[in-house]
Amino acid sequence: MDTRQPTPDRIMHIANGYWATGILGAAAGHAIFTHLEAGAGTAAELAVRADISERGAQTLLDGLLGLGLVELHDGRYRNTAESSTYLVEGRPTSLSEFAKLKMTHMGSLADLSEVVRAGGPIRNATVEVADNPHWEKVVTAIAAQSTPVTAIVADLLGLADAGEISILDLGGGSGIFSAAWLGLNPAARSTQLDWGPINAIARRLVAERGVADRFTCVDGDFHHTEVATAAYDVVVYSHVAHQEGPDDNTALFAKVRAALKPGGTLVVCDYVVDDDRSGPSFALIFAGEMLLKSKHGGTWRRSDYRDWLVKAGFEDVTFHSTPSPTTVVLAR
């Protein structure tokens, strides 16, 4: 029997978790990881490059070391491999904008106790409002999260060598799936169905990638806007299911089934919970975000997705883990 007494260390870390959010957000805001990557290795050097106080630079370095995001060698700091990949500005997988964004969201968590009592948002359900400044920051900030997933799905489906295929992205947000896949396959074409203000963001990203000539946007609400029947080889439904309730997800999957060509594939990407609700931890915790911001959303189990997809007419449903918190679901 384990006779060791528990310590409060883990609870103290969780209770003060906003410190980590603040340190990471401030470091991203002052491009600390970018300056470290460029060779600045002391508080004094970072203070000059980032135009911040030396005391502030040292405080951020101490915090980042405590968080395991920088390393200290012979008196000089440097990025960990993780930070170099995901926090240096300008890299396709950089989450620096996301880190800055999340720091601005900390205040909303003060509502969570009352939201839990009410069973949903006590303010506007931000994920359900089309013309919301929230989207300009959120959509661009989260695009980098999907970059590795677009590559994984492309490999699973052999998209680079698939020839003249037609793609539909429902609620495509930043357009990152279209941008990545059109870049891999010069014969492919893609259509994104999303709200007008969000499609405007997607057009910019796709144009920056040089593939805008094969990208079309349809402005509308994907719940109600009609889509062509048997017209698409691949339909993407990425990080939308967690904003929707069971009935809407089932209806949308049926709509997708009708839109797919025979043999076509639906690609669902989301934070998926194990059937016994034992994990993964990120998906379980993320459910609180949906309680705060959506009327019916949540993080759904594998069995939920399978049931909805079978009801919608899909026969072959498979789940694929990724190195990120995202699970890929393929349905045919």
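Above this text sits the structure in question.
Residues numbered from 1 in each chain as written. Predicted model: local features only at pLDDT ≥ 70, side-chain atom pairs only at ≥ 80, totals over all residues. Heavy atoms only, no water.

Okay, the overall build of the chain next. Across its full length, the chain carries 14 helices and nine strands. What you see for the chain is a C-alpha radius of gyration of 22 Å, in line with the 20 Å of a compact globule of 332 residues. If you line up the chain on its principal axes, its C-alpha atoms span 60 × 50 × 45 Å. When contacts within the chain are restricted to residue pairs at least 6 apart in sequence, those whose partners lie at least 24 apart make up 67%. Entry remark: accessible area of the chain is about 16,600 Å², with carbon and sulfur atoms responsible for 54%. Within the chain, one finds 28 positive and 40 negative side-chain charges whose respective centroids are separated by 1 Å. (Helix = DSSP H or I, 4+ residues; strand = E, 2+ residues; numbered from the N terminus. Rg over C-alpha atoms; globule rule 2.2 N^0.38 Å. Contact = heavy atoms within 4.5 Å. Areas by Shrake-Rupley, 256 points an atom, 1.4 Å probe, with all protein chains shown as cover. Lys, Arg positive; Asp, Glu negative; His and termini not counted. Charge placed at Lys NZ, Arg CZ, Asp CG, Glu CD.)

Right, let's talk about helix 5 (residues 54–66) for a bit. An ideal rise of 1.5 Å per residue puts 18 Å on 13 residues; helix 5 measures up with 18 Å between its terminal C-alpha atoms. Considering only its buried residues, helix 5 is in contact with helix 2 (17–29), helix 3 (32–37), helix 4 (43–50), strand 1 (70–73) and strand 2 (76–79). Where helix 5 terminates, the next one or two residues include Gly68, which has phi positive at roughly 80 degrees. (Expected span 1.5 Å × (residues − 1).)

On to unusual backbone geometry, then. Note the cis peptide between Gly279 and Pro280, where omega equals -10 degrees. Note on placement: Pro280 falls in the loop between strand 7 (260–270) and helix 13 (281–293). Within the chain, His239 stands out as a residue other than glycine whose phi angle is a positive 55 degrees. Classification of His239 as buried rests on a relative accessible area of 18%. Positive phi outside glycine occurs at Arg277, with the angle close to 60 degrees. Inspection of the secondary structure puts Arg277 in the loop between strand 7 and helix 13. (Buried < 20%, exposed > 50% of the residue type's maximum accessible area, 1.4 Å probe, protein only.)

Attention now goes to the pattern of salt bridges. Pairing is possible between side chains of opposite charge, provided their charged atoms come close. Evaluated as defined, the whole model comprises 10 salt bridges. Note that Arg78 and Glu71 form a salt bridge whose closest N and O atoms lie 3.2 Å from each other. Arg78 sits in the partly exposed class, given a relative accessible area of 43%. Judged by its relative accessible area of 29%, Glu71 falls in the partly exposed class. (Salt bridge = Lys/Arg side-chain N within 4 Å of Asp/Glu carboxyl O.)

What follows concerns the packing of aromatic side chains. Each pair of aromatic rings is reported with the distance of its centres and the angle of its planes. A complete count under the given rule lists nine aromatic pairs for this structure. Pairing Tyr271 with Phe286 gives two aromatic rings, centres 4.8 Å apart and planes at 70 degrees, and the pair type is edge-to-face. In this pair, Tyr271 is assigned in the loop between strand 7 and helix 13 and Phe286 in helix 13, connecting sequence segments 15 residues apart. Of the two residues, Tyr271 and Phe286, both sit in the buried class. Each member of the aromatic cluster is reached from another via a ring pair, and the members are Tyr237, Phe253, Trp300, Tyr305 and Trp308. One cation-aromatic arrangement involves Arg257 over Phe314; the distance from NZ or CZ to the ring centre is 5.4 Å. (Phe/Tyr/Trp six-rings, centres within 6.5 Å; stacked < 30°, edge-to-face > 60°. Lys NZ or Arg CZ within 6 Å of the ring centre and 35° of its normal.)

Tracing the backbone shows Asn249 in helix 12 (residues 246–259). Taking the relative accessible area as the measure of exposure, Asn249 reaches 0% and is therefore buried. Between the alpha carbons of Asn249 and Leu309 there is a distance of 8.8 Å; along the sequence they are 60 residues apart. Setting aside residues no more than four positions away along its own chain, Asn249 makes contact with Tyr237, Ala241, Glu244, Trp300 and Trp308.

Okay, the sheet that holds strand 3 (residues 166–170) next. A sheet is described by the order of its strands in space; here seven strands give the open sequence 5-4-3-6-7-9-8, paired in mixed fashion. A strand with exactly one partner marks an edge of an open sheet, and here the two such strands are strand 5 (215–219) and strand 8 (317–321). Neighbour to neighbour, the strand axes of the sheet diverge by 20 degrees on average, direction disregarded. Packed onto the sheet, helix 12 meets strand 3, strand 6 (232–238) and strand 7 and runs at close to 145 degrees relative to strand 7. (Pairing = 2+ DSSP bridges. Axes fitted to C-alpha atoms, helices over the stretch in contact; angles between N-to-C directions.)

Turning our attention to the environment of Trp300. With respect to the helices and strands, the residue Trp300 is situated in the loop between helix 13 and helix 14 (302–311). Trp300 sits in the buried class, given a relative accessible area of 15%. Residues Trp300 and Glu244, spaced 56 residues apart in sequence, show a C-alpha to C-alpha distance of 9.9 Å. In this structure, Trp300 is in contact with Ala241, His242, Glu244, Gly245, Pro246, Asn249, Tyr271, Val272, Val273, Tyr305 and Trp308, ignoring residues within four places of it in sequence. A distance of 3.0 Å separates a polar side-chain atom of Trp300 from the backbone oxygen of Ala241. Here the side chain of Trp300 touches Gly298 through a polar contact of 3.4 Å, landing on its backbone oxygen. (Polar contact = N/O pair within 3.5 Å; in protein donor to acceptor, adjacent residues only side chain to side chain.)

Turning our attention to the packing of helix 12 against helix 14. The description of two packed helices rests on the angle between their axes and on the distance between the axes. Where helix 12 contacts helix 14, the two axes come as close as 8 Å, and the packing angle between them is 45 degrees. Comparing their axes, helix 14 and helix 12 come out oblique. Between helix 12 and helix 14 the crossing geometry is right-handed. Contacts between helix 12 and helix 14 involve Pro246, Asn249, Thr250 and Phe253 on the former and, on the latter, Tyr305, Trp308, Leu309 and Lys311. (Parallel < 35°, antiparallel > 145°, perpendicular 65-115°, else oblique. Left-handed = near helix turned anticlockwise from the far one by under 90°.)

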